[in-house]
Amino acid sequence: MAGMSSKRLQKELAKIQGTLPPGISLVSADNLREWQMDLTVPDNPIYPPNEPYRLRFQFSPNYPIEAPECVFLALPNPERKVPIHPHIYSNGIICLDLLDAQGWSPVHNVESICISLQSMLASNTKAERPPGDAEFVATNRRRPRDINFLYHDPSV
Amino acid sequence: MDSDDEGGFNSAASSIELDEEMSSSVDFDSDVELDDYQEDETAFEATAKDLAPRRKAYEVEYRVYSPKDIQAQQDDQVAEVANLLEQPPEATAILLRHVRWNKERLIEQYMDAQEELLDKAGLGQDISKNPPRLQVIDGFCCDICCEDTPGLESFAMNCGHRFCVDCYRQYLVQKIKGEGEAARIKCPGDGCNKIIDAKSLDLLVPTELTERYNELLMRTYVDDKENLKWCPAPNCVYAVECGVKKRDLNKIVPSVHCDCKHAFCFGCTLADHQPCPCVLVKKWLKKCEDDSETANWISANTKECPKCHSTIEKNGGCNHMTCRKCKNEFCWMCMGVWSEHGTSWYNCNRFEEKSGSDARDAQAKSRQSLERYLHYYNRYANHEQSAKLDKDIFHKTEKKMTLLQSSSGMSWIEVQFLEAASQALQQCRQTLKWTYAFAYYLARNNQTAIFEDNQKDLEMAVENLSEMFEKSTDQLAGLKVEMMDKTTYCMRRRVILLDDTAKNLKEQTWEFIVDMV
Ligand SMILES: [Zn+2]
Ligand SMILES: [Zn+2]
Ligand SMILES: [Zn+2]
Ligand SMILES: [Zn+2]
Ligand SMILES: [Zn+2]
Ligand SMILES: [Zn+2]
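Residues numbered from 1 in each chain as written. Chains lettered and ligands numbered in written order. Predicted model: local features only at pLDDT ≥ 70, side-chain atom pairs only at ≥ 80, totals over all residues. Heavy atoms only, no water.

- As recorded by an unreviewed UniProt entry, chain B carries the name RBR-type E3 ubiquitin transferase and is attributed to Baudoinia panamericana.

- Going by the annotation in an unreviewed UniProt entry, the name recorded for chain A is UBC core domain-containing protein, with Baudoinia panamericana given as the source organism.

Quick look at the structure:
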């Protein structure tokens, strides 16, 4: 079974290295188990059009049966911020049903996650963090996939 | 003591030996029944009614099931409904799970909107015409693993989402093993709501997982039924059936006794908390948690002797303390002189509300409310702690029982009075503990005064019995009759208190200082 995710990841990578939708680009995939992508948000005054956001994907051997772990990174150079959004904590953890066990389908992939996140940001109207952000960021030691988010609001 | 016959009716009265003993000597009017028991048409109802002994106000009807019983119950219901709907058992099982085992609702929906129901349950078309099978399809490429080797076996339900058999299996393993899902596993296709039916699962679930899978299915059956609950004791595999509904929980405290000997509340599944209703238990535990820092020092296991101030550690369940240093005898709970407790025990049991004169001062008021809380908490925690210590003593007593046999020539049966006494103590302490949480929420009136009298009587009986446990082995043989009497007396006081409280609860005559929500 270990071979399953490798073959799938290689195919995904080959496709991503070919074409990607506008505003989504591959930064690195030197390690097949960890990729980084950059994302820009068109047409939303909350997010400057030239400011890319960095996404890190980590894949377990069980991918794509299991969702990848996907977070926004804050970096000094080149500077990358964690986009402000009511479903994105300031430590980069994303609350999106697509990424948890209930909402994940093995048919999803890195590209479809990026597209979902891009449209989630594009349609956002609130420049704010999730409720309880400071406390969550200060106390959370769990990995994103082990968190049971109670707050799923598909309308935001 | 517990019924060995798994199918036999098991009421609270028959599962506690000591209670049974009691019922012959104390006469109660016990035909108090909740009207709702009649509503459920469960398989055992008819026999239960015939066999049911006269119940006390605080006892409820219930039944304990083994995993085998639960499986049989499920199979029976599937077979019955399958017959009615003329559907294969696999589809019927899915439909029943879909409506959370509400037979009536299923039949109604089936009659009204069959197609819609089948669709919603993930049974779109007749699966019996098209049994699930693995297929090899030319040019197939699996969307999950991107494998396209010729001859690759694949599977799809009639939603058409086709994946290779390895991926399908891997997906199911993840759902069953990783996420504990069973009854409502959906197709792996994105956004597809089709539920994988039992026949497809039979084909796909790896054999090493079928046991876990069936176990999970059984779990959902019990979880879905309002009148069934798993025994919360660790590693216990039994489930309990009880007809008490959520809306009745302010009128009755449904304590049940599992065959594993664990007594728990059917309403909230916490350990038995009679006579205190679930809603007050919840409030109380929340309050204790919030106030735990204040409360912690109170429940600490050491205190100073009120006379010579040397530190004294409580090492047994009894509240009658003797200071090693100055021989001062005092009460652990109120720190009062022990000799006064014969006539004025209430000092230890009641909290005299302070006069309202200084209540206008806000600070005094808040201190008074803390004092009031600590008064009840102190006694609550004391009984919890004592019950643990009594248990320790009993383990030592087991050794005493062995010693007693050899020194006095008594048989194993003849020394059982010690075990009976120990069990009675545990049970009475458990009850006493919760009487203090209950009393905390009671308004002051005549009924509360009667309650506190009953509480006081039980408390005194318990302390008397507890004290006997501290006697040495050679004294115990001669105390057998006295100990048995005291055990009986304790249990009688407990029954009186529980019965009285439960009757008033049922009639809703208690006046509480909080809303019962
Ligand atoms: Zn499907
Ligand atoms: Zn596959
Ligand atoms: Zn049990
Ligand atoms: Zn309860
Ligand atoms: Zn002393
Ligand atoms: Zn006292």
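Notes on the nonpolar core
Residue and element names in this part refer to chain B.
Next up, step 1: Leu280, Trp284, Phe438, Met483 and Phe512 are the most contacted members of the largest nonpolar core, which totals 56 residues.
Next up, step 2: Broken down by secondary-structure element, the contributors of at least two residues to this core are helix H11 (278-290), helix H13 (362-408), helix H14 (416-440), helix H15 (446-468) and helix H17 (480-506).
Next up, step 3: By residue number, the principal contributor to this core is H14, which donates 13 residues.
Next up, step 4: When residues are assigned to domains, this core turns out to be shared by domain 1 (19-66 + 227-272) and domain 4 (375-506), each giving three or more.
Next up, step 5: With residues up to four places along the chain from it excluded, the contact list for Phe512 reads Leu280, Phe438, Tyr441, Leu442, Ala443 and Leu505. (Core = buried A, V, L, I, M, F, W, Y, C linked by side-chain atoms within 4.5 Å. Buried < 20%, exposed > 50% of the residue type's maximum accessible area, 1.4 Å probe, protein only. Helix = DSSP H or I, 4+ residues; strand = E, 2+ residues; numbered from the N terminus. Domains from an automatic or database assignment. Contact = heavy atoms within 4.5 Å.)

Here's the deal with the sheet that holds strand E3 (residues 153-155) of chain B
Next up, step 1: Taken in spatial order, the three strands line up as E2-E3-E4 (chain B) in an open sheet, and their pairing is antiparallel. The two strands at the open ends of the sheet, each matched to only one other strand, are strand E2 (135-136) and strand E4 (163-164) of chain B. (Pairing = 2+ DSSP bridges.)

Quick notes on the pattern of salt bridges
Next up, step 1: This structure, assessed with the given rule, holds 20 salt bridges over all chains.
Next up, step 2: A salt bridge links B:Arg100 to B:Asp224; the nearest nitrogen and oxygen atoms lie 3.1 Å apart. Within this pair, whereas B:Arg100 is found in the loop between helix H5 (89-98) and helix H6 (103-112), its partner B:Asp224 is found in helix H10 (residues 207-224), the two being separated by 124 residues in sequence.
Next up, step 3: You can call B:Arg100 partly exposed: its relative accessible area is 47%.
Next up, step 4: For B:Asp224, a relative accessible area of 16% corresponds to the buried category.
Next up, step 5: Each member of the salt-bridge network shares a partner with another, and the members are A:Asp38, A:Arg54 and A:Arg80. (Salt bridge = Lys/Arg side-chain N within 4 Å of Asp/Glu carboxyl O.)

Concerning the pairing of strand E2 (residues 34-39) of chain A
Residue and element names in this part refer to chain A.
Next up, step 1: Of all the six residues making up E2, five are buried; the element is thus mostly covered by neighbouring parts of the structure.
Next up, step 2: Two elements, strand E1 (residues 24-31) and E2, share five bridges in a ladder whose sense is antiparallel. Its bridge partner being in E2, Ile24 is matched across the sheet by Leu39.
Next up, step 3: The hairpin turn running from E1 into E2, its antiparallel successor, is two residues long.
Next up, step 4: Where E2 meets strand E3 (residues 53-58), six bridges bridge the pair, whose relative direction is antiparallel. Note on E3: the bridge partner recorded for Leu39 is Tyr53.

Let's talk about the environment of B:Leu209
All names here are of chain B.
Next up, step 1: Counting through the fold element by element, Leu209 comes out in helix H10.
Next up, step 2: Given a relative accessible area of 6%, Leu209 falls into the buried group.
Next up, step 3: Leave out the neighbours within four places in its chain, and Leu209 touches Val173, Ile176 and Lys177.

Some remarks on the packing of helix H4 (residues 67-85) of chain B against H10(B)
All names here are of chain B.
Next up, step 1: Where H4 meets H10, the closest approach of the two axes is 10 Å, and the angle between their N-to-C directions is 75°. One element, H4, and the other, H10, form an angle in the roughly perpendicular class. Contact with H4, carried on its side by Pro67, Ile70, Gln71, Gln73, Gln74 and Gln77, involves Leu217, Met218, Tyr221 and Val222 of H10 and no other residues of that element.
Next up, step 2: Taken together, the residues of the contact of H4 with H10 break down into six nonpolar, four polar and no charged. (Axes fitted to C-alpha atoms, helices over the stretch in contact; angles between N-to-C directions. Parallel < 35°, antiparallel > 145°, perpendicular 65-115°, else oblique. Nonpolar A, V, L, I, M, F, W, Y, C, P; charged D, E, K, R; others polar.)

What to know about the interface of chain A and chain B
Next up, step 1: With 15 residues of chain A at the contact, the number on the chain B side is 18 residues.
Next up, step 2: Summing both sides of the interface, chain A and chain B together bury roughly 1,500 Å²; the carbon and sulfur share of this comes to 58%.
Next up, step 3: Our count for the contact surface shared by chain A and chain B stands at one salt bridge.
Next up, step 4: B:Glu147 serves as the salt-bridge partner of A:Lys7, at 2.9 Å between the closest nitrogen and oxygen.
Next up, step 5: Where chain A touches chain B, the interface holds eight residue pairs in polar contact (both at pLDDT 80 or more).
Next up, step 6: For the side of chain A that touches chain B, the class distribution of residues is seven nonpolar, four polar and four charged. (Buried area = accessible area lost by both parts, 1.4 Å probe. Polar contact = N/O pair within 3.5 Å; in protein donor to acceptor, adjacent residues only side chain to side chain.)

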